[in-house]
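Here's the letter readout for the chains.
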Amino acid sequence: MNPKKITSEILKENYFYMKHPSGLDIYVYPKKDYNSKYAIIGSNFGSINNKFKLKNELSYTNIPDGTAHYLEHKLFESKKGDAFELFSKTGASANAYTSFEKTAYLFSCADNFDKSLEILLEFVQSPYFTEQGVLKERGIISQEIKMYSDSPDWKVLLNLLDALYKNHPVKIDIAGSVESISKITPETLYECYNAFYNLSNMCLCVVGDVDYMKVFEIVDKNLKFSPAVEVERFFPDEPHEISKKEVTERLDMETSMFNIGFKENISKGERVSVKDLVYHDLIISAISSKSSNMYDELIKSQSINEVSFSNEYLEGPGYASVIFSGESQNPKKACEIIKKHIEKAHKNGIDKKTFERAKKYAYGQSLAVFNGVSSIANLQLDFALAGKEIFEYLETLKNADFSEINAHLGKKLNIDNSAVSIVKPKNE
Amino acid sequence: MPSITRTEICKGVNFSYIPENKFKNELISFSMFIPLDKKHVSQNAVIPSLLTHSCKKYPSIKLLNQKLEELYGASISPSVSKVGDFQALTITAFCADDRFLPYKSANINNLSNLLCELIFSPNLNKEGLFFDEDIEREKTQIIEEIKSEKNDKKVYARGKCVEIMCKNEKYGINSLGTIESAKNLSSKTIFDAWKNLLENAHVEIMMIGNGENNLIINEFKKRFQNIKRGKNPPFKTEIIKKVNEITQKQESMDVTQCKLVMGFRTETAKPDEKVSAVKVMNALLGGTPQSKLFLNVREKLSLCYYCSSRYNANKGIILIESAVEPQNIEKAKKEILEQIKDIQLGNFSDTQLEETKLYLKQNTKKIQDDIELMGTWYLLQTFDETKKAPSEAIKEIENVSREDVINAALKISLDTIYILSGSKE
């Protein structure tokens, strides 16, 4: 075992990386004087991976919507019992989540780290899917789906994605529907497990006051070897154009909410680079931060509920969209103001002073990420699965140059490829 | 282990310093506590937001935020909450620590000066009052915020249960007030509220970080010299111990899933030393993924996605929350009460108890790794005679026995059931 040490001069910290012979990527980020320890293991298997084949297979398999999420729920169960039950012996807090592009299992603890890490590695390597177990979970997941269907902020986002994308599976609800999950069987789960949970398709990140060599040793002892599996993920062709300009839905709620999204051109299955992320953050801050003209007009014209205004870069394999969102008494007007200021920025460019301020702002924001074991571990997993390195962000940001910002802006926030989603109160 | 030093800088105003160098950031929070009362709750509630939008020196949102961005993305954010029967009005300032910046810039001192400008030198008009346009903005924002509580059904149902259960106590007052009370706000009432808070509220200032704190303390001392500090409000939260009659209320909205919230009285609130026993009992009942509610209501009966309980030690109440299908409400209710009875009868193993304590202890240890959680940890102890570090709370959890847990469970009684049901099937 020969781990590689990666250092950040800015943060005065380092982490260690090793590719295990099984194919598993392992990252250990020691955090001195922290009580909390955090471990997360993930696979590039999210809700968008609904069609795939193994390299030696002839045809692609379609799986029901919501399978990745269902698998996440069921992996907690093993022959030895429920993983939560095992974690309760060590006192760790365990959890898992499924997003559009990945599934992750994690725990955080203060004591008994070694034992908890063994439990985590053991249960993700021991699928146990039975007819009865799969059936039992249906009730719980159906309730989860219904909970989200009453949630305006989830609804407004899903409707936006449906408007932005014509074919890309990012437009489908992560948990699927009550109907689609009824088609999921133990066989479906095993098939996905064998493809995506092969160690060569996974990544483990550990953060905390730990001895990195000891972590590598524990991991080494607890991995079960299996031949590497290569999965080919199918993605449909996605045109550059959006599908619909506008979607409105009425729900039983009090205040309208909107999402306005700007679709970017991303090649099939590709991810954006660290440099793209840095310039993205600088541009969004320059155009829409609290010191911007856009924000000023949104507030002065009372077209937005201040605390609710936010933005997100929803980005994964083959998709990337900039999304502004908020609660508003007049969502249409808010969207018009947002578009107007984006058009202005395209026309006049971002000036040097604004750029420098945005740079300082982004610098402070990204430093804060390195305060917590969970934020570091999640960032590490996210970046590792996307083939990126975490310290590169701060370095690139430090060296970001004004001469490049407007060229980056030219590639972003295309008004012609934007869509608006609104959810409104029923009685309005 | 960081230790806390707390000094009174003037009557009813304390400055606490927690030295800690493991973070990349530093934090200063300024909190004002005032007894909740219907008449003043909305006008107090807008103060943190109003003060963090501008000041004399930076008279607009835009100018103020340009300054914050210059300070390497420092943030100053308002919040309103409840601590027992008190309304807690907090402004939190957060910035990058000089050690990690490209240039030494005395970031925390600059930020602390800015914070003082915001609190003590607001942007006032010729008559010495707040500008009408600022007041109008705050009014609209607070009304919208009150309305939007209804958007998150889980939060809304929890709020309703508390409102009904504590309708005759100060704690039953929404910390933002009502839409009506917000509509009546004026430049004059808000100005009076600001003055009254600086003069009469109990104030806690807290700094967590690596830097020197003398300059910062002195700046606050100087500012308070110009303020005539009056009477401190009595720090008393009303604790109701007995329930006369169970209240049940059902409301219907056009949602697909019902929310069920059950409110209980525990007879136990701070400074009662039995609080730790209730904490452990609550965790065993519904505070962990191995808790009785999670295992039985969710896992065994598959009735819901979540069923959990939370204990408020400042007020001595427990809220149990779940989301279920309409036809399963009675079943869920029955099972929840069954699980409480089980603890009262001692139907839990020593292992279960030890595991629950282990879980609680680890979560308490983890607080010290999060600068904001650490701030909140001490703020919630504002009215406690002695301020406990997380390590001391851990010892108390360790000392909770099986009998303590059973006794804590025997004392809890159901007070209010709130159901938010769907009107469509």
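Residues numbered from 1 in each chain as written. Chains lettered and ligands numbered in written order. Predicted model: local features only at pLDDT ≥ 70, side-chain atom pairs only at ≥ 80, totals over all residues.

1. Here's the deal with the overall build of chain A
Keep this limit in mind: We count a stretch as a helix when DSSP gives it H or I for four or more residues in a row; a strand needs E for two or more, and each element gets its number in order from the N terminus. Atoms counted for the radius of gyration: C-alpha only. Globule rule: 2.2 Å times the number of residues to the power 0.38. Burial in this document is a count-based property: other C-beta atoms within 10 Å of a residue's C-beta are tallied, and the residue is buried at 20 or more, exposed at 12 or fewer, or partly exposed in between, with C-beta positions derived from the backbone. Our contact criterion uses C-beta atoms placed from the backbone: two residues qualify when those atoms are within 7 Å.
Helices and strands together make up the secondary structure of chain A, namely 15 helices and 17 strands. For a compact globule of 428 residues, the expected C-alpha radius of gyration is about 22 Å, and chain A comes in at 23 Å, within 12% of that figure. Counting only C-alpha atoms, chain A reaches 60 × 50 × 45 Å along its principal axes. Here chain A, with 428 residues, has 52% of them falling under the buried criterion. Expressed as a percentage of contacts within chain A between residues at least 6 apart in sequence, the contacts between residues at least 24 apart total 81%.

2. Focus on the overall build of chain B
A count of helices and strands for chain B gives 15 helices and 11 strands. In summary, chain B has a C-alpha radius of gyration of 23 Å against a globular reference of 22 Å for 425 residues, a match within 12%. Projecting the C-alpha coordinates of chain B onto the three principal axes gives extents of approximately 65 × 50 × 40 Å. Looking at chain B as a whole, 52% of its 425 residues are labelled buried. The contacts of chain B with a sequence gap of at least 6 include a subset with a gap of at least 24, amounting to 79%.

3. What about the sheet that holds strand 15 (residues 310–316) of chain A?
Residue and element names in this part refer to chain A. Note the cut-off: When DSSP locates at least two bridges between a pair of strands, those strands are taken to pair. All axes are obtained by fitting lines to C-alpha atoms, using only the stretch in contact for helices, and the reported angles, taken between N-to-C directions, cover 0 to 180 degrees.
Spatial strand order, 13-17-14-16-15: five strands in an open sheet with mixed pairing. This sheet does not close on itself; its edge strands, each paired only once, are strand 13 (246–251) and strand 15. On average, each strand axis in the sheet is tilted by 20° relative to the strand beside it, whichever way the strands run. Examined bridge by bridge, strand 14 (residues 257–263) and strand 17 (residues 418–425) share six bridges and lie antiparallel to one another. Looking across to strand 17, one finds that Met257 is bridged to Val423. Of the strands in this sheet, strand 14, strand 16 (319–327) and strand 17 are in contact with helix 11 (residues 331–348), which crosses strand 14 at around 30°.

4. What about the interface of chain B and chain A?
When the parts of a complex come together, some accessible area is lost, and that lost area is often taken as the interface size. This is how the line gets drawn: By the convention adopted, Pro, Cys, Tyr, Trp, Phe, Met, Ile, Leu, Val and Ala count as nonpolar, Lys, Arg, Asp and Glu as charged, and the other residues, Gly among them, as polar.
Taken together, the contact between chain B and chain A spans 50 residues of the former and 55 residues of the latter. Elements that contribute at least two residues to the side of chain B that touches chain A include exactly helix 2 (61–70), strand 5 (86–96), helix 4 (132–148) and helix 12 (350–366) of chain B. A per-element tally of the side of chain B that touches chain A places helix 12 of chain B first, with eight residues. Here the side of chain B that touches chain A is composed, by residue class, of 16 nonpolar, 15 polar and 19 charged.

5. Quick notes on the pairing of strand 11 (residues 413–422) of chain B
All names here are of chain B. Note that strand 7 (residues 247–253) and strand 11 share seven bridges and pair parallel. Looking across to strand 11, one finds that Thr247 is bridged to Thr416. Of the strand pairs in this sheet, strand 8 (residues 258–265) and strand 11 are connected by seven bridges, and their pairing is antiparallel. Within strand 11, the position partnered with Leu260 by the bridge is Ile419.

6. What to know about the sheet that holds strand 9 (residues 93–98) of chain A
To summarise the sheet geometry, strands pair through backbone hydrogen bonds and adopt either a parallel or an antiparallel arrangement. Residues and elements named next belong to chain A. Pairing in this open sheet of seven strands is mixed, and the strands run 1-2-3-11-4-10-9 from one edge to the other. Whereas interior strands pair on both sides, the edge strands pair on one side only; in this sheet they are strand 1 (4–8) and strand 9. On average, each strand axis in the sheet is inclined to that of its neighbour by 15°, with strand direction left out of account. With seven bridges connecting them, strand 4 (residues 37–43) and strand 10 (residues 103–109) associate as antiparallel partners. The residue of strand 10 that forms the bridge with Tyr38 is Ser108. Sheet contacts for helix 8 (residues 212–222): strand 2 (13–19), strand 3 (25–30) and strand 11 (202–208); angle to strand 3, the most-contacted strand, approximately 150°.

7. Here we look at the pairing of strand 10 of chain A
All names here are of chain A. Within strand 10, seven of the seven residues are buried, leaving the element largely enclosed by the surrounding structure. Neither face of strand 10 is open: one carries Thr103, Tyr105, Phe107 and Cys109, the other Ala104, Leu106 and Ser108, and all of them are buried. Across six bridges, the pairing between strand 9 and strand 10 is antiparallel. The residue bridging Asn95 from the neighbouring strand is Leu106, located in strand 10. In sequence, strand 9 turns back onto strand 10 through a hairpin of four residues.

8. Brief notes about the confidence of the model for chain B
Threshold: A residue's pLDDT is the predictor's confidence in that residue, given on a scale from 0 to 100.
Summing up the model confidence of chain B, the mean pLDDT is 93 and the portion of residues at 70 or higher is 99%. Interface confidence in the predicted complex, given as ipTM, is 0.89; pTM for the same model is 0.90.

9. Brief notes about the domain arrangement of chain A
Residues and elements named next belong to chain A. Our working definition: Residue ranges assigned to each domain were obtained from an automatic or database domain assignment.
The domain architecture assigned to chain A consists of domain 1 (4–233) and domain 2 (246–425). A total of 10 residues in the side of domain 1 that touches domain 2 trace back to one element, the largest contributor, which is helix 5 (residues 152–164). Of the residues that constitute the side of domain 1 that touches domain 2, the class distribution is 22 nonpolar, eight polar and nine charged.

10. Things to note about the domain arrangement of chain B
Residues and elements named next belong to chain B. Structurally, chain B comprises domain 1 (5–225) and domain 2 (247–422). On the side of domain 2, 23 residues touch domain 1, which itself brings 25 residues to the contact. Mapped by element, the contributors of at least two residues to the side of domain 1 that touches domain 2 are strand 2 (13–19), strand 3 (25–35), helix 5 (153–165) and strand 6 (202–209). Residue composition of the side of domain 1 that touches domain 2, by class: 14 nonpolar, five polar and six charged.

11. Structural notes on unusual backbone geometry
Put simply, B:Lys270 and B:Pro271 share a cis peptide bond, and its omega is 10°. Topologically, B:Pro271 is positioned in the loop between strand 8 and helix 9 (275–286). Residue A:Asn112 is not a glycine yet carries a positive backbone phi of 55°. Residue position: A:Asn112 is located in the loop between strand 10 and helix 3 (113–124).

12. A look at helix 1 (residues 67–75) of chain A
Within helix 1 of chain A, eight of the nine residues are buried, leaving the element largely enclosed by the surrounding structure. Within helix 1 of chain A, the full set of buried residues consists of A:Thr67, A:Ala68, A:His69, A:Tyr70, A:Leu71, A:Glu72, A:Lys74 and A:Leu75.

13. Concerning the environment of B:Leu68
Residue and element names in this part refer to chain B. Note on placement: Leu68 falls in helix 2. The spacing of Leu68 and Cys95 is 27 residues in sequence and 9.1 Å in space, taken between C-alpha atoms. Once residues lying within four places of it in the same chain are set aside, the contact partners of Leu68 are Ala74, Ser75 and Ile76.

14. Side note on the packing of helix 12 of chain B against helix 14 (residues 390–398) of chain B
Residues and elements named next belong to chain B. Rule in force here: What sets the label is the angle itself: under 35 degrees gives roughly parallel, over 145 gives roughly antiparallel, 65 to 115 gives roughly perpendicular, and the rest give oblique.
Between helix 12 and helix 14, whose axes approach to 9 Å, the crossing angle comes to 175°. Between helix 12 and helix 14, the crossing angle belongs to the class labelled roughly antiparallel. Every residue of helix 14 that contacts helix 12 at Lys357, Leu360, Lys361, Thr364 and Lys365 is listed here: Pro390, Ala393, Ile394, Ile397 and Glu398. Taken together, the residues of the contact of helix 12 with helix 14 sort by class into five nonpolar, one polar and four charged.

15. Quick word on the packing of helix 1 of chain A against helix 4 (residues 131–149) of chain A
Residue and element names in this part refer to chain A. Formally: In this scheme the handedness of a crossing depends on how the near helix is turned from the far one: anticlockwise by less than a right angle means left-handed, clockwise means right-handed.
Put simply, helix 1 and helix 4 touch, their axes get as near as 10 Å, and they point 115° apart. When the axes of helix 1 and helix 4 are compared, the pair comes out roughly perpendicular. When you trace helix 1 past helix 4, the crossing you get is right-handed. Of the residues in helix 4, those touching helix 1 at Tyr70, His73 and Lys74 are Gly133, Val134, Glu137 and Ile141. Its residues assigned to classes, the contact of helix 1 with helix 4 shows three nonpolar, two polar and two charged.

16. Considering the environment of A:Lys412
All names here are of chain A. Its location among the elements puts Lys412 in the loop between helix 15 (402–410) and strand 17. With 20 C-beta atoms packed within 10 Å, Lys412 lands in the buried category. Residues Lys412 and Ser321 lie 91 residues apart in sequence; the distance between their C-alpha atoms is 9.3 Å. With near-sequence residues (within four places) excluded, Lys412 lies in contact with Glu264, Ile283 and Val322.

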